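Tertiary structure, described
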Amino acid sequence: NFELVPFPATTNLLKQAVLNGDADVLGYYNGSLPNALKQGFRVISIIDSISMVEIVRRDVDHVKNVAILGGDITLLQEIVAGKDYNTKKFPNVNACYAALSSAEVDAIICSDVTATWIANNHRMDGYITKPLDVHGKLYMAVRASDDALYGILSKGATIEKRNFNYIVANHVLPQSD
């Protein structure tokens, strides 16, 4: 049996919970296989692809100051490399949005999933969402030392051939009759 236990949506807290054994699976991991191993994880590639976007205040002509979520996000590094951005890391999405709303930053660079969450939870009047030409994959990750769980999830992903959200919705969350 599985129990779905939500943790605060801060990348470092989630990673630490899995590494400490407080959680067994990191549902969304973004990064390379070598980085995952260095951090103590093994990844299972069953997660949908991800696209990055920029949420910009309408009154900004040239983006200079950018809010990003803290943590090791490989796709963000690709976006900001070679750009003339001043990046400011924030601990969570709400802090990024607050910085954008108060004009502390000109834009937020985040995943399309995060942008959707922002749109569903905050007013988006006065903002433009622009897709960026950067795409990647998200993975599910487990502790590198947890061979049994890695084997079970890898086999399950291969057999199921579906994304993580489908697996959670159909095999973890309570079902209605």
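Just above, that's the structure.
The rules behind the values
- Residues numbered from 1 in each chain as written.
- Predicted model: local features only at pLDDT ≥ 70, side-chain atom pairs only at ≥ 80, totals over all residues.
- Heavy atoms only, no water.
- Buried < 20%, exposed > 50% of the residue type's maximum accessible area, 1.4 Å probe, protein only.
- Helix = DSSP H or I, 4+ residues; strand = E, 2+ residues; numbered from the N terminus.
- Pairing = 2+ DSSP bridges.
- Axes fitted to C-alpha atoms, helices over the stretch in contact; angles between N-to-C directions.
- Parallel < 35°, antiparallel > 145°, perpendicular 65-115°, else oblique.
- Left-handed = near helix turned anticlockwise from the far one by under 90°.
- Contact = heavy atoms within 4.5 Å.
- Nonpolar A, V, L, I, M, F, W, Y, C, P; charged D, E, K, R; others polar.
- Salt bridge = Lys/Arg side-chain N within 4 Å of Asp/Glu carboxyl O.

**Let's talk about the pairing of strand β8 (residues 139–143)**
Of all five residues in β8, four are buried; the element is thus mostly enclosed. In the sheet, strand β1 (residues 25–29) pairs with β8 via three bridges, with the strands oriented antiparallel. Counterpart to Y29 in the pairing with β8 is Y139. Relative to β8, strand β2 (residues 41–44) is paired through four bridges, and the arrangement is antiparallel. In the sheet register, F41 faces β8, and the bridge partner there is R143.

**Some details on the packing of helix α4 (residues 93–101) against helix α5 (residues 112–121)**
Put simply, α4 and α5 touch, their axes get as near as 11 Å, and they point 70° apart. In terms of orientation, α4 lies roughly perpendicular with respect to α5. In this structure, α4 meets α5 at a crossing whose hand is right-handed. Within the contact between the two elements, α4 uses V93, N94 and Y97 and α5 uses T114, W117 and I118. For the contact of α4 with α5, a count of residues per class yields four nonpolar, two polar and no charged.

**Digging into the pattern of salt bridges**
With the rule as written, the count across this model stands at eight salt bridges. Residue D24 pairs with R143 through a salt bridge whose shortest N-O separation is 3.8 Å. Residue D24 is located in the loop between α1 (11–20) and β1, and its partner R143 is located in strand β8; the two are separated by 119 residues in the primary sequence. When the shortest N-O distance is used, the salt bridge between E104 and K88 registers 3.9 Å. With E104 in the loop between α4 and β6 (107–111) and K88 in strand β5 (residues 86–90), the pair connects residues that are 16 residues apart, well separated along the chain. On the basis of relative accessible area, E104 is assigned to the partly exposed category, the value being 38%. What you see here is one network of salt bridges that share partners, running through D24, R143 and D146.

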